[in-house]
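Breakdown of the fold
Listed below are the residues making up each chain.
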Amino acid sequence: MANILKVTTPTTGYDNAANVRANPEMQTPTNIQGPVDPSKVVRPDARSDASGQQEGEPLQFKFESNFDNFIRQLQKMPSVAEELPKLLSELSSTTVQSGIKGGIAQEIAKFLGMIQAGPENLQGLLQNQGEAAVRYTGAFFGLLRKMMSETKSVELKANILNFLKKYTDMAESGSVMEDIQRDLKEVLQRMFPRQREEAAQMGQRLISREGASPEQQAENLRTLKSEILPYLNEYISKTHDRGVLRDTVAHMAELISRYENGQQQGVLQAFEKLMDYQVFQRVFGDFDMTKIFRILENTEFEKASAQNSQMDQLAKIIVKGAEGEAGTENIQAFKQLMDAIVLNESVYMPLLHLLVPASVDGTMMFSEMWVDPDAEGGREKEDGSRERMIKGLVKFDIQDLGFFDLFFLCGEEKVSVQINIPPELEKDAGKIQSDIRRILEEHSLRPEEVLTGNSAASIPLTEAFTKLKERKNSINVSI
């Protein structure tokens, strides 16, 4: 019989174990990510929490957090100031054609008429945008902010935040009701005809106009909580519909809770609770509680928002474009613009975001700005405090000139500016630098550095504000 296994008797004194080569197929490669099995400990490999963050890798398990996903989207986000002018220029120059509805053509014409402005109005337009971007501004909220920073009472801070949450829900009650009705419309499209008709009749009793009275809001809440929501929940239980319909109804329930939280009576009770604290009594004294709503209705944010009709019109255009009214070929472009605007309003975005469209003497200009009012890097003063540093990135597109990037660092005494200009204007770089220096000096600012570059490659937001990426952490765990 052949000695298939090649079994031999080892010779004494000859140890050749060091010369034996291992079978590469039997080795455990550590450069390949193994399968994830939570029920047992598997072999060590190259997998780590950071491995899922690399771009361009094939499909694999992801270990990123919501913030990681936010950063990834931010890096791919298109610039509204760069993409929107191209779309509006193309659509406004054409008449209603096949695939383009007349409604959006009229909306674009109306928007272009609303943004007419002269050079003397640009500063006011920008200031109005800034005030309309931050809700908690003004003397009243300044007092609340001061109390939050000075008090050591955890209960007082919690009650102030509770009051602000109720106020926010009250101020946005009109938008919340619109979202509820939008969800209800989607739910009705997924119901059987008889039940759809019954639910639609309930929905017709909702009063959706802006500025509904407290009594009308209370009636809306009663209809939603006592009739519509129980009816939809019963329908889901009977039909066993556990798909999109149930998810939409769950989202409706969340919106209804916000609508209830924003009732005026609840806001008044939250403010009355704050008056139990001595620090509030010292500031407000014998304050008439009923005047609190008059104060909240006349904040800088509310006044600026009332004058910010052009931005509401722009939002309406983007929504119509995303729904296909600007032509099927433009749907994706409008959806990307919508995603970019929503992304800039994310809770993870610690920057002030402004969008300023204007038509100055017949020249269209779209400007998008990000500002960090409390940037790091300010020098230390003699009294031990630190100089306030403001960092900003401005992207703007000027008709017939091109796209510009402007990055600035502004301290209390000096300003550093880098402006990236279109290649066609590089021959005028020296004049642009001198003009910027002159403008800064006219506004009592000392230009420390004024640099120019090429705007062919746009400055990424994550590179201008490195603090965004510093908040991202990943843990490399190996067994």
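This is a predicted model, so every value here is computed, not measured.

1. Re the overall build of the protein
On a plain count of helices and strands, the protein comes out with 19 helices and seven strands. Of all 479 residues assigned to the protein, the portion counted as buried reaches 38%. When contacts within the protein are restricted to residue pairs at least 6 apart in sequence, long-range pairs at least 24 apart make up 61% of them. Surface summary for the protein: the accessible area is close to 29,000 Å², and the carbon and sulfur share equals 51%.

2. Concerning the side chain of Asp-169
With respect to the helices and strands, the residue Asp-169 is situated in helix α6 (residues 154-171). With sequence-adjacent residues up to four places away left out, Asp-169 is seen in contact with Arg-258, Asn-261 and Gly-262.

3. Comments concerning the nonpolar core
Residues Leu-74, Phe-334, Leu-393, Leu-461 and Phe-465 are the most contacted members of the largest nonpolar core, which totals 38 residues. Secondary-structure elements contributing two or more residues to this core are α1 (66-76), α2 (80-92), α3 (102-114), α15 (309-322), α16 (331-344), β3 (363-375) and α18 (461-464). When residues in this core are grouped by element, the largest group, six residues, is from α2. Setting aside chain neighbours within four positions, we find Phe-334 in contact with Leu-87, Leu-91, Ile-317, Ile-318, Gly-321, Ala-322 and Ala-326. One finds Val-371, Phe-404, Ile-432 and Val-450 within the second-largest nonpolar core, a separate group that totals 25 residues.

4. With respect to the sheet that holds strand β4 (residues 389-398)
Pairing in this open sheet of seven strands is mixed, and the strands run β1-β2-β3-β4-β5-β6-β7 from one edge to the other. Every other strand in the sheet has two partners, leaving β1 (116-117) and β7 (446-454) as the edge strands with one partner each. Inspection of the sheet shows β3 paired to β4 by nine bridges, in the antiparallel sense. Each residue of the ladder has a partner; that of Met-369, found in β4, is Val-394.

5. A look at the environment of Ala-464
Topologically, Ala-464 is positioned in helix α18. In this structure the C-alpha to C-alpha distance between Ala-464 and Leu-393, which are 71 residues apart in sequence, comes to 7.0 Å. Once you skip the residues sitting within four places of it in the chain, Ala-464 turns out to touch Lys-391, Leu-393, Phe-407 and Ile-459.

6. Structural notes on the environment of Asn-159
With respect to the helices and strands, Asn-159 occurs in helix α6. A relative accessible area of 12% means that Asn-159 is categorised as buried. Sequence separation between Asn-159 and Leu-274 is 115 residues, and the spatial gap between their C-alpha atoms is 6.7 Å. Asn-159 has contacts with Lys-273, Leu-274 and Tyr-277, leaving out every residue within four places of it along the chain.

7. Notes on the pairing of β4
In terms of burial, β4 is a largely internal element, nine of the 10 residues being buried. Inspection of the sheet shows β4 paired to strand β5 (residues 402-410) by nine bridges, in the antiparallel sense. From the neighbouring strand, Lys-395 faces β5, where its bridge partner is Asp-405. Here β4 folds back onto β5 in antiparallel fashion, the turn holding three residues, of which Asp-400 has a positive phi close to 70°.

8. Overview of the packing of helix α5 (residues 139-150) against α6
Axis separation between α5 and α6 bottoms out at 10 Å; the angle between their running directions is 150°. When the interaxial angle is binned, α5 and α6 end up roughly antiparallel. When the axes of α5 and α6 are compared, the crossing they make is left-handed. Taken together, the residues of α6 that come into contact with α5 (itself represented by Phe-140, Phe-141, Leu-144, Met-147 and Met-148) are Lys-157, Ile-160, Leu-161, Phe-163, Leu-164 and Tyr-167. Residues belonging to the contact of α5 with α6 are distributed by class as follows: 10 nonpolar, no polar and one charged.

9. As for the confidence of the model for the protein
With 80% of its residues at a pLDDT of 70 or more, the protein has an overall mean of 81. Contacts of residues 48-54 to residues separated by more than four positions or lying in other chains number 21 contacts, the stretch itself having pLDDT below 50. For the stretch residues 473-479, pLDDT sits under 50, and the model shows nine contacts to residues farther than four places along the chain or on other chains.

What counts and what doesn't
Residues numbered from 1 in each chain as written. Predicted model: local features only at pLDDT ≥ 70, side-chain atom pairs only at ≥ 80, totals over all residues. Heavy atoms only, no water. Helix = DSSP H or I, 4+ residues; strand = E, 2+ residues; numbered from the N terminus. Buried < 20%, exposed > 50% of the residue type's maximum accessible area, 1.4 Å probe, protein only. Contact = heavy atoms within 4.5 Å. Areas by Shrake-Rupley, 256 points an atom, 1.4 Å probe, with all protein chains shown as cover. Core = buried A, V, L, I, M, F, W, Y, C linked by side-chain atoms within 4.5 Å. Pairing = 2+ DSSP bridges. Axes fitted to C-alpha atoms, helices over the stretch in contact; angles between N-to-C directions. Parallel < 35°, antiparallel > 145°, perpendicular 65-115°, else oblique. Left-handed = near helix turned anticlockwise from the far one by under 90°. Nonpolar A, V, L, I, M, F, W, Y, C, P; charged D, E, K, R; others polar. pLDDT = per-residue confidence, 0-100.

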